[in-house]
Amino acid sequence: MSKTLLLVDGSSYLYRAYHAMPDLRNAAGEPTGALYGVINMMRRLALDHKAQWLACVFDARGPTFRDELYPEYKANRQAMPDDLAAQIEPIHRAVTAMGWPVLSIPGVEADDIIGTLAVQARERGVRTVISTGDKDMAQLVNDHVSLINTMSGEQLDEAGVREKFGVPPSRIVDYLMLVGDTADNVPGVQKVGPKTAAKWLAQYDSLDNLVAHADEIKGVAGNNLRVAVDRFDLSRTLITIKVDCDLDGHLHDFEALRPREVDAETLIELYDHYGFRSWLRELTGDAERLPKGDARVQQAPGTAAQAASNVGLDAGGDTPAADVVAPETHYHTVVTWADFAHWLERIRQADLVALDTETTGGLGAMQPQLVGISLAITPHEACYIPVGHRYAGLADDAQLPRHDVLERLRPWLEDAQAAKLLHHAKFDTHAFANAGIALRGVRHDTLLQSYVLESHKSVSLGDLSERWLGRRGVSYESLCGKGAKQIGFEQVAIEQAAHYAAEDADFTLQLHHLLFPQVESDPDLLHIYQLEVQVSRVLAIMERNGVRLDAEVLAVQSQDLGRQLVELEHKAHELAGQSFNLNSPKQLGQILFEKMGLPVVRKTAGGAPSTDEEVLSTLAQDYPLPQTLLEYRGLAKLKSTYTDKLPRLIDSGTGRLHTSYSQSSAVTGRLASSEPNLQNIPVRTAAGRRVRTAFVADPGCLILSADYSQIELRVMAHIADEAQLQAAFARGEDIHRATAAEVFGVALEDVSAEQRRAAKAINFGLMYGMSAFGLAANLGITREAAQVYMDRYFDRYPGVGRYMERIRELAREQGYVETVFGRRLWLPEIRGGSGPRRKAAERAAINAPMQGTAADLIKKAMVVVQDWLAAEGCRSRLILQVHDELILEVPNDERELMTQRVPELMCGVADLRVPLVADVGSGPNWEQAH
């Protein structure tokens, strides 16, 4: 029989025991639930597993390297409850007295100690059994390591991990990076759950390979994946358990983990003090002895025994308890006209009403249909008005008629003076609009309040409620399910739906009372928040306007692309000397690195040679096949993402394409477009630009594009207060030519095309914190030459260098930087330890104020232009916003007016130290207008 090391994740179990057990107390009123739960578990482990070495490992107080890397690590955890803190010392004493070596090392997490000991055991030929309830531990499982969950009875070997998570232990870190770890506050990819993560990893083998093919992932999940890529390095470090910790000074050798003699005297003292009758009698052999700390029943007997049973513990007759009391709520379901009239009168009299809708589903502008409406005026009280539920057995009088409810609510809903509070008001605006209601009077939006305060954190109502209210609430998935089996909200029973819907309105109101005072206390944040509320209104208008698409044009392009792909596939086969699947990373790796012997540039986490785009780009400099593969991938993406897909997304009701804009996806304030994403249409290739020719205007109209010129460079000149740059912009010079003249010491008219190209790379590179190494790679020159260029640049533009140093220092001091208008751009990793993540955060600190200010300017422009269009009664309408560009559909007879006024309005939204310039073009389609 092989020898065994048994390791207990003590920190995991003491929290689980505390929350699983009722409020147990001894006669003196001291809490005992967590102590009882941990002792019971350790007793069961000793009976079930015979081990030659063992240890119970706890987290020590104080930060670890993860906290230094990521200040938000475990930030969503509440402070340890006083009742649990009071039980830590007796838990440690009890476990030690039971003969278990106890380990707790400052600066090292329990997971890392366990991981290190498991590796040491394997080196000695000893198998390890880890008792834990933490899914992170699954990454340690191998042929020598298995997991058991004493509370649930679950046991996991390699096959068990694969069955439970859908991935092998070697991919658990990748899996957790995708789904996130809410317990440790490590974000995953939004909208990606366990099933999607497992499916992706099964298809692409590893996260690195998935990222390399991220452009192939469609829909919202694919867009969210691409957004999340930049934080994956940090997530991997946070999630990966260290297995090489220095345990010297805390564990002198492996033999120190041998079981120790039971300290019966200490156990008797503990059992006597805390009232554990059965265990005390077991140790003393005195059937008549009762502990002086005998616990007392505070609620109905049996409650604690049931709770103990639920977590796999033996109640043992020692576990009376009290129920945990949640805040008292009063949620009402409005199904009679009398109740409706009562609530209608209340909202008419209220100063502010929290409003929420439940719909049939779909995140697009034109899809959601009303199922119900919830209202809240005071905290912990709300109502739900069901109007569109449909399921078998639903009585005719179970809900009020939707049309009648909306008509009676219409005056209040459309009253601009009736102040309303929502969470993600744009969505609800569409839901009402689809029912013929023009929602007005939106004063506040808790999604936007949270985004303005904490742009780097999740803004979902569930996450906000957990973070700020300490309550998660009922989840949508618990009612409707997930994936292919998910039902629409209209199919949820009204009695279940009512609590969920009313809770949403109630939580929104409670969050507003916590968040808005913080926003309001800072004039700059208040200004940004008010801007975002206005932008939300404009985006709702733009999304409903949509854009006309010529599907026939795209069909022709798809056919052309299909022919080109076939030709490129044949060419690739000829270059490889055999046929193979161009979309298979495995086959591609075999062709490139085994058959053709090309150099391996980088390997995936799984150890296979990488074939991602960066690797192919490097190889393409010297070999023809990688270049052909890059061409193939580019055209394949264009075909699948745009020419094939876009026509399928045309709304059947409007005949137009309706994208969705997110205000809260980017820390910088930039908008994100999805379903479809119209901001990433490639424009550097002729094939990519052709896609824009399919975006057309209605008959009698044209497309007008107004695009801020070199906006981030202008913002840099303003923020850095660099006189030379400001003067060049004031003179209307080509800024890249002007920079080349300064850097290379030549007259403006003598600047060559090559010098201008180098100056452009310097201008944009420095905005993103590019190093001399990066500039050298960009220009194809030596690092020394690139450093000379940069030195000349800073000599001629000293204000830029001063700004870069100043902003880095400011970011380190306060953890964020700001735009010209006061938007806070959080950089959680700026205060981390040394390393690539801190360097990346420092680079972001330089660029974020410029990107963020540019985002503020285009948002201001959207609001001003839309308000002017409405005030003047123009028929022209905003239809798209892409980066620094506004796109309008303009009647022919308004072309001259729009060509003049739109750029004037855009350039008048702010008074910077440099002039703002907006270039305008128009034509029958987007490409010709741009």
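Residues numbered from 1 in each chain as written. Predicted model: local features only at pLDDT ≥ 70, side-chain atom pairs only at ≥ 80, totals over all residues. Heavy atoms only, no water.

A.B. asks: With reference to specific residues and values, describe the packing of aromatic side chains.
C.D. replies: The tally for this structure, following the rule as stated, stands at 17 aromatic pairs. Aromatic side chains Tyr36 and Trp279 sit 4.9 Å apart centroid to centroid with 10° between the ring planes, which places their arrangement in the stacked category. Residue Tyr36 is located in helix α2 (residues 33–48), and its partner Trp279 is located in helix α13 (residues 277–284); the two are separated by 243 residues in the primary sequence. Both residues of the pair, Tyr36 and Trp279, count as buried. An aromatic cluster is defined as three or more aromatic residues linked by ring pairs; in this entry it consists of Tyr36, Tyr271, Phe276 and Trp279. Across the ring face of Phe65, the terminal group of Lys242 is positioned such that the distance to the ring centre comes to 5.8 Å. The side chain of Arg692 reaches across the aromatic face of Trp926, ending 4.0 Å from its centre. (Phe/Tyr/Trp six-rings, centres within 6.5 Å; stacked < 30°, edge-to-face > 60°. Helix = DSSP H or I, 4+ residues; strand = E, 2+ residues; numbered from the N terminus. Buried < 20%, exposed > 50% of the residue type's maximum accessible area, 1.4 Å probe, protein only. Lys NZ or Arg CZ within 6 Å of the ring centre and 35° of its normal.)

A.B. asks: Could you give me a rundown of helix α30 (residues 735–744), with the residues and numbers involved?
C.D. replies: Across the 10 residues that make up α30, a large majority, 8, are buried. All of the buried residues in α30 are Ile735, His736, Ala738, Thr739, Ala740, Ala741, Val743 and Phe744. Buried-residue contacts for α30 involve α28 (711–719), α29 (723–730), α31 (753–767) and α33 (783–796). With a side-chain oxygen lying 3.0 Å from the backbone nitrogen of His736, the N-terminal cap of α30 falls on Asp734. Of the residues flanking the end of α30, it is Gly745, one or two places downstream, whose phi is positive at about 65°. (Contact = heavy atoms within 4.5 Å. Polar contact = N/O pair within 3.5 Å; in protein donor to acceptor, adjacent residues only side chain to side chain.)

A.B. asks: Let's hear about the sheet that holds strand β7 (residues 330–333): which residues, and what values?
C.D. replies: Strand order across the open sheet formed by 6 strands is β7-β10-β9-β8-β11-β12, with mixed pairing between neighbours. The two strands at the open ends of the sheet, each matched to only one other strand, are β7 and β12 (442–445). Each strand axis lies, on average, 25° off the axis of its neighbour in the sheet, ignoring direction. Sheet topology places strand β9 (residues 370–376) next to strand β10 (residues 381–386); 4 bridges connect them, and they run antiparallel. Counterpart to Ile373 in the pairing with β10 is Ile385. Across the face of the sheet, helix α15 (residues 337–349) comes into contact with β7, β8 (353–359), β9 and β10 while running at roughly 125° to β10. (Pairing = 2+ DSSP bridges. Axes fitted to C-alpha atoms, helices over the stretch in contact; angles between N-to-C directions.)

A.B. asks: Outline unusual backbone geometry, supporting the account with residue identities and numerical values.
C.D. replies: Of note, the bond from Glu675 into Pro676 is cis; its omega dihedral lies within 30 degrees of zero at 0°. For Pro676, the position within the fold is in the loop between β15 (672–674) and α27 (686–692). Of note, the phi angle at Gln710 is positive, near 45°, even though the residue is not glycine. Summarising the element assignment, Gln710 is placed in the loop between β17 (701–708) and α28. The residue His883 is not glycine, and still its phi comes out positive at about 60°. Relative to the helices and strands, His883 is located in the loop between β20 (877–882) and β21 (885–891).

A.B. asks: Tell me about the sheet that holds strand β22 (residues 918–923), and please be specific about residues and values.
C.D. replies: Reading across the sheet, the 4 strands line up as β20-β21-β17-β22 and stay open at both edges, with antiparallel pairing between neighbours. Taken across any chain shown, the strands that pair with only one partner, and hence form the sheet edges, are β20 and β22. Adjacent strand axes in the sheet meet at a mean angle of 20° when their direction is disregarded. Pairing analysis gives 6 bridges linking β17 to β22, with the strands arranged antiparallel. By the bridge assignment for β22, Asp707 is matched with Asp919.

A.B. asks: Pulling in residues and values, what's your account of the pattern of salt bridges?
C.D. replies: Scanning the entire structure with this criterion turns up 46 salt bridges. Taking the shortest distance from any N to any O, the salt bridge between Asp644 and Lys639 comes out at 2.9 Å. With a shortest N-O distance of 3.5 Å, Asp698 and Arg877 are connected by a salt bridge. Linking Asp698 in the loop between β16 (695–696) and β17 with Arg877 in strand β20, this pair joins segments that are 179 residues apart in sequence. (Salt bridge = Lys/Arg side-chain N within 4 Å of Asp/Glu carboxyl O.)

These figures come from the coordinates and say nothing about function on their own.
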